[in-house]
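Overview (structure and organization)
Here are the chains, one letter per residue:
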Amino acid sequence: MKTRRDFIKISALGTGAATLGLSALNWNGVKALYAADEQEAVSDEEMTAHATYCEVCFWKCAGWAYTDKKGSIRKIVGNADDPHCKGRLCPRGTGGVGMYNDEVRLKTPLIRETVGGKQYFRKASWDEALGLVTSKMKEVSEKYGPEAFALFNHGAPGSHFKHLFHAYGSGNEGEPAWAQCRGPREVGFAATFGSWIGSPEPTDIRDTRCLVLIGSHIGENMHNGQVQEMSTAIDRGATIITVDPRLSTAASKSKYWLPIKPATDLALLLAWIHVLIYEDIYDKDYIEKYAMGFDQLKTHVKNMTPEWAYGITTIKPDLIRRTAREMAAASPAVIVHPGRHVVWYGDDSQRERAIAMLNALLGSWGRRGGFYFKEKVPVPRFPQPEYPHPAWDWKDNLDGRYPLSSMGITTELLKASIPELGYKHQIKAWMVAGTNLPLTIPDNELFKKAADAVEFIVVVDTMPMEIVKYADVVLPECTYLERYDYIRSASHREPNIALRAPVVKPKYETKPAWWIAKQLGERLGLGAYFNYNDIEEVLDWQLKKLGTSLEEMKKTGVKKFPRRSGALYLHEGEDYEFNTNTGKIELYSTDFEDHGFDPLPNYTEHPQPQDNYYRLIYGRAPMHTFSRTSNNPNLWDLMETNSVWVNPKVADLWDLKNSQEVWLQNQDGVVSEFPVKVRITERIRWDSVYMVHGFGHNNKKLSRAYGHGASDSKLITNVMTDPMMGGTGMRGNFVTFLTEKPGKELES
Amino acid sequence: MRYAMAIDTKKCVGCGDCVVACQTENNVPIGYCRDWIVENVSGSYPNVEIELRSERCNHCDNAPCVRCCPTGASHIVEGGIVKVTHNECIGCGACIQSCPYDARYSHPDGYVDKCTFCDHRLAKGQSTACVEVCPTSCLYFGDLEDPNSDVSKALKNRSWKVLAPEAGTKPQLYFLT
Ligand code: SF4
Ligand code: SF4
Ligand code: SF4
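Definitions and limits used
Residues numbered from 1 in each chain as written. Chains lettered and ligands numbered in written order. Predicted model: local features only at pLDDT ≥ 70, side-chain atom pairs only at ≥ 80, totals over all residues. Heavy atoms only, no water. Pairing = 2+ DSSP bridges. Helix = DSSP H or I, 4+ residues; strand = E, 2+ residues; numbered from the N terminus. Axes fitted to C-alpha atoms, helices over the stretch in contact; angles between N-to-C directions. Contact = heavy atoms within 4.5 Å. Near = heavy atom within 4 Å. Nonpolar A, V, L, I, M, F, W, Y, C, P; charged D, E, K, R; others polar. Buried area = accessible area lost by both parts, 1.4 Å probe. Salt bridge = Lys/Arg side-chain N within 4 Å of Asp/Glu carboxyl O. Polar contact = N/O pair within 3.5 Å; in protein donor to acceptor, adjacent residues only side chain to side chain. pLDDT = per-residue confidence, 0-100. Buried < 20%, exposed > 50% of the residue type's maximum accessible area, 1.4 Å probe, protein only. Domains from an automatic or database assignment. Arc of directions from axis to C-beta.

Here we come to the sheet that holds strand E10 (residues 210–214) of chain A. All names here are of chain A. The sheet built from four strands is open, its strands ordered E12-E11-E10-E14 with parallel pairing. Two strands lie at the open edges of the sheet, namely strand E12 (256–258) and strand E14 (334–336), each paired on one side alone. For this sheet, the mean angle separating the axes of adjacent strands, direction not counted, is 10°. When strand E11 (residues 239–243) meets E12, the two strands line up parallel, connected through three bridges. Bridged to Thr-242 within E12 is Trp-257. Sheet contacts for helix H13 (residues 317–330): E10, E11, E12 and E14; angle to E12, the most-contacted strand, approximately 135°.

Next up on the list: the site of ligand 1. Neighbouring ligand 1 are Cys-54, Val-56, Cys-57, Trp-59, Lys-60, Cys-61, Leu-89, Cys-90, Arg-92, Gly-93, Met-222 and Asn-224 of chain A. Residue composition of the shell around ligand 1, grouped by class: eight nonpolar, two polar and two charged.

Before going further, it helps to examine the interface of chain A and chain B. Opposite the 66 residues of chain A that make contact, chain B presents 60 residues. In total, chain A and chain B occlude about 5,000 Å² of area from one another, counting both sides; carbon and sulfur atoms represent 54% of this. Note that Lys-11 of chain B is salt-bridged to Asp-235 of chain A, the shortest N-O span being 2.7 Å. At the surface where chain A touches chain B, the tally comes to 18 residue pairs in polar contact (both at pLDDT 80 or more). Mapped onto the side of chain A that touches chain B, the elements with two or more residues apiece are strand E1 (8–12), helix H1 (27–31), strand E5 (73–78), helix H2 (91–94), helix H7 (224–235), helix H8 (249–252) and helix H21 (633–638) of chain A. If you tally residues by element for the side of chain A that touches chain B, the top one is H7 of chain A, at six residues. In the side of chain A that touches chain B, the residues fall into 30 nonpolar, 17 polar and 19 charged.

Right, let's talk about the confidence of the model for chain B for a bit. Residues of chain B with pLDDT of at least 70 account for 100%, and the chain-wide mean is 96. Overall fold confidence for the complex sits at a pTM of 0.94, while the interface term, ipTM, reaches 0.95.

We now examine unusual backbone geometry. Cis geometry marks the peptide bond from Ser-199 of chain A to Pro-200 of chain A; its omega dihedral reads -10°. Checked against the element boundaries, Pro-200 of chain A lands in the loop between helix H6 (176–193) and E10. That bond from Ser-331 of chain A to Pro-332 of chain A is cis: its omega, 5°, falls within 30 degrees of zero. Structurally, the position occupied by Pro-332 of chain A is in the loop between H13 and E14. The backbone of His-59 of chain B sits at a positive phi, close to 40°, despite the residue not being glycine. Structurally, the position occupied by His-59 of chain B is in the loop between strand E3 (47–55) and helix H2 (64–67). His-59 of chain B sits in the buried class, given a relative accessible area of 0%.

A few words on the domain arrangement of chain A. All names here are of chain A. Per the domain assignment, the segments making up chain A are domain 1 (110–171 + 391–560), domain 2 (183–373 + 582–594) and domain 3 (614–738). Distance from the C-alpha centre of domain 1 to the C-alpha centre of domain 3: 29 Å. If you look at the interface, domain 1 gives 19 residues, while domain 3 gives 26 residues. It is Tyr-402, Leu-439 and Pro-442 that lose the most area in domain 1 upon contact with domain 3, and together they represent 31% of the buried surface on that side. On inspection of domain 1 and its partner domain 3, the count reaches zero salt bridges. Linking domain 1 to domain 3 there are eleven residue pairs in polar contact (both at pLDDT 80 or more). Its residues assigned to classes, the side of domain 1 that touches domain 3 shows ten nonpolar, six polar and three charged.

This next bit is on helix H12 (residues 306–313) of chain A. Residues and elements named next belong to chain A. Buried residues of H12: Pro-306, Ala-309, Ile-312 and Thr-313, and no others. On an axial view of H12, the arc spanned by its buried residues comes to 115°, and they lie on one face. Against the buried residues of H12 lie helix H9 (265–278) and H13. One or two steps after H12, the chain reaches Thr-314, where phi turns positive at roughly 70°.

Residues and elements named next belong to chain A. Along the chain, Leu-543 turns up in helix H18 (residues 535–545). Under the relative-accessibility criterion, Leu-543 is labelled buried at 0%. Expressed as a C-alpha distance, the spacing of Leu-543 and Met-304, which sit 239 residues apart in the sequence, is 54 Å. Leave out the neighbours within four places in its chain, and Leu-543 touches Ile-487, Ile-497, Thr-548, Ser-549, Leu-550 and Met-553.

The subject of this paragraph is the confidence of the model for chain A. Residues with a pLDDT of 70 or more make up 94% of chain A, whose mean pLDDT is 93. Under a pLDDT of 50 for its full length, residues 1–38 of chain A has, in the predicted model, 90 contacts with residues more than four places off or in other chains.

We now examine the sheet that holds strand E15 (residues 429–433) of chain A. Residues and elements named next belong to chain A. The seven strands lie next to each other as E7-E6-E17-E16-E15-E8-E9, forming an open sheet whose pairing is mixed. The open sheet has two edge strands with one neighbour each: strand E7 (118–123) and strand E9 (173–174). One ladder, built from five bridges, connects strand E8 (residues 149–153) with E15; its direction is parallel. In the strand pairing of E15, Ala-150 is matched with Trp-430.

Next up on the list: the pattern of salt bridges. Residue and element names in this part refer to chain A. Going through the model one piece at a time under the given rule, you end up with 66 salt bridges over all chains. Close ionic contact of Lys-136 with Glu-139 constitutes a salt bridge, the shortest N to O distance being 3.8 Å. Taken together, the residues span about one helical turn, with Lys-136 and Glu-139 both in helix H4 (residues 126–144) at a distance of three residues. Overall, the relative accessible area of 31% leaves Glu-139 in the partly exposed class. Here Arg-685 ties to Asp-687 by a salt bridge, and the two come within 3.0 Å at their closest N and O atoms. The pair Arg-685 / Asp-687 is uniform in exposure class, with both members buried.

This is the structure we're talking about:
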C-alpha cells in the first residue's frame, strides 16, 4: 500500500510497485525549521519581495524572495522578466530556502587542532581564522611564490576569490566545470564554428522543429531555460530524437528513442553525417557559402554507412536513415544538442566535434530553431591596479599535453600537488570555495593523495561537505539569500543583467564571500584591489555605468539591454566570418591538425563490460544539484537517496528484488561505502546500470544525507583522459553487485 | 463556476517543482505534501513508455470525503473547491479513508489537510502556486464553465482521462494523454 509520505511514487506496471523515499524522518530536526505558529498561507501583498538570483545551480535564475512581517523567508519565486527562468524557478530554486534553513550549516570559522594525537575542529573567531589564512598565504608566497597556492572554485563565490588570487599573484585556478563537465563541447564547437557554446546554451529550442539529444537528459538535467523551451517545442509539435541507453524522461517524450549500446555514439554520429552527405540532404547553400573541408569529410565518411554503424551501436540502419532524414526535413530549424556533462570516454572533444559538424551540415548554426547568436553586456570593472603577472600557471605544467584546454584542469592541479609525480611547478596549498571535490573528482585516491601532500587547505562553503574534513581552516560562507554577489551578466538572446541582494541578515557567524576576499586582501596588503568600504559601492558604481543603479535594480531585479552585435540569426545570404583559422566553418579542423589531432573525427572502440559487470552510467535528478543539495531539507524531502537502476533481466539473473540493498563493486575492486537500493526497471539496458549522481555522503555532519545511497564518483576509478583538453572521461567504469555487506565476516 | 485542472502528461517531467512550490506557498510541513508525482512505466525494453502525473485532490463533484465528515469541517465552497476548516476538524481521519485518491494527510497539528486549489491566491486573481511554478507549463487551471479559461482550452483539442472514474466521485483533475 502506498503511503502518503512517498510522494514521488514510482510504479512499474507488470513488475509491481517500487517506491522512492522510504526512510524515516528526523522530525525533531525538520520541524524546528519552521515557525509553527504561521500555518496558513500568507498572500503576496502581506509580504516583501527581495531581488535575488538563484545559486542552487549555475543557471542563476533571477527571482524574488518573499519575507513575511516577521522577516522570515516564506518562498522564492521566479522573476517574470528574466530570460533564464521567465518567472518559473526549477524545484531546486523553489526549494532554495532550505539552504538557508538547513540546521547543519557551517556556523563559525573552524581551525584544525591536534591534541594528544587526535585531530578535531575548534571554533575560532573570524579574526583568528582570517589571520591564520593570511599568514599561510604569506608563507607560501615567500617560500614558493604565490603561484603555489591554488584555487578550486565553483559558482558565484568563486569570482570574489579569483579576484583575490589574481591580486595575490596566482593564476592557478580550476573549476570542475571544465575537465569534469563541459570542456570537450567547447573545444569541439570552437574548432568547428569558432565559438564556445557557453552557459546558458544558445540553443533556440523554443523554435526548433527537431531536437536531437545525445545522452543529454533535459528534464532530469533541470537547466531551467532548456526545460521550459523543450516543453514549448513539444507543444509546437517538434520532433525529438533521443540517443540514450536509458529511457530518460526526455526519451519518453521523443518520437524516436535510439537505445544505443553505450560508448558507441561517435559511430552513430558519423553514420548520420554519411546519410546527410550521400543522400544529398544536407544544407548545400549553407555549406557552400560558410564551410570548408566538405570534400575531405565526404571522403572520410564514405564507408561509415548505417550498416557499419549498426554493428557497433545496435541501432538498425533503417532507424539511422529515418532519423537523419527527419533532421534534414527540419533543417535549418534543428538542434543536435551539444549536451553539458560530456566527459565520457576520453575522445569526447572529437565526439562533440562530430556533433558540431552534424549541425553544420544541417545549417543550424546562426539559424532560427537552431543556434542563435548570443550576446551579453560587459560589466565595467571597478577601478583597481593591474594584476601582477604570475611567474607560471597550470598551463606551464602541462609540457605540451592537453593543448586545447583553456580553463584550469582540476585534476592537473591535484597532480601538481603530489611531489612524487615530479611536476615542474609544485602546488603547496589550496583554497576550495563552493566545490565538494571528493564527490566531484573521479579517482578518489588521487584526490586524497593530493590533499595529504599539500601543506595547507582552506575551505569556504555553506555546508559541512566532505571537502570540509580535509580543511585546516574552514570559513563559513552565508547562503545566497544572505549576501550580495557580483552582477549576473550572462549571454542570451537579449542581453540582460540581474542583481542578488541580501534577503535576510547572515545567520550564525557566516559571512559573504566578497567580505572574506576583501578581508584577506587587506590583510595581505592588497588593499588597493579592494578600494571600497562595501560591495554596495562597487555594484552601484557598475550599475550606474550600465545606466541603472543599485536602488533601481532592487526594484526590478533584472534589466534588459538592446542587442548591439547584430541579429539573432544569419540573414539570407549574409556574409559572415567565423572565428576559426580560415574564417569558415571548419568541417576539416585546421586547428586540430596543427596540434597533431585528427582533423576529422574517427570512431574508436572502447572497452565493454566483462561478464557479471555492468557499465556504470550516472546522471541527474531534477530536484538535486550534484552533491550540494542532498541535505537541503526541502529537496531531501523530494528525493532522499539514489537507487541503482537494473534491467529486469539482470535482476532475474542475480535474483534481485525491488528496494533490496546492494553494494556495488567496480572493476578495480572499489566497493561503494554504503548500500544502495535496487530499482528494477525496463528503463535501462541490460548491459548498464544507472545512478543519480551526488549521493552517498560520508560526512556524518550531514544530518539527512549521510549514508544515503551510493556515490558514483567513488566508483569511478578508471579515468579516460581526453588528450586534447584534459577532460576526465568517467563512463568507462563497470560494477557488479554484492548482496551481502562486504567484510561482514571480519567484523563479527 | 466549476474550477478544474488539466495536467499534460506529455510535457510533465516529474521534477517535483509543483510539490515544493505548494509546500512553501501553503506552509506544508516538510515530510508532508498536498500534491505529488506518479510515474508509471509500461512495456519492456526497448518498447517502454512512461506516464508522469502531478496529482492532488480532485475536488470531486461527488465528494465522499465531505459526505463522511462528522463535524462538517470538510465542505465545498464556490467553484466546487473542497476545503477543510482546520479548527472544526477533530482529526478523526474518516475522510482520509474515504478518498480513493489518497489526497489527504493528517497535519502534525492535529487536523486533516489537503489541496485548496490555492483559493487564497484565486481570491487575488492569481493562479495556483503549482500552475505558476511549473517549468514545463504543463498544468492548466480555471473555470470549466468558461470556454476561454486555460483548462477549457486545454481540454478542447486533446484526449484526456480522469483517475478512478469507477469510484463515481466525478473528479476534476483531467490528465491529457
Ligand atoms: S535552474 Fe533551478 S537551481 Fe538553477 S538557478 Fe534556476 S532555479 Fe536555481
Ligand atoms: S512542476 Fe510541472 S513538470 Fe514538474 S512535476 Fe510538477 S507538473 Fe510535472
Ligand atoms: S480527491 Fe479525495 S479529498 Fe479530494 S474531493 Fe475527492 S475524495 Fe475528497
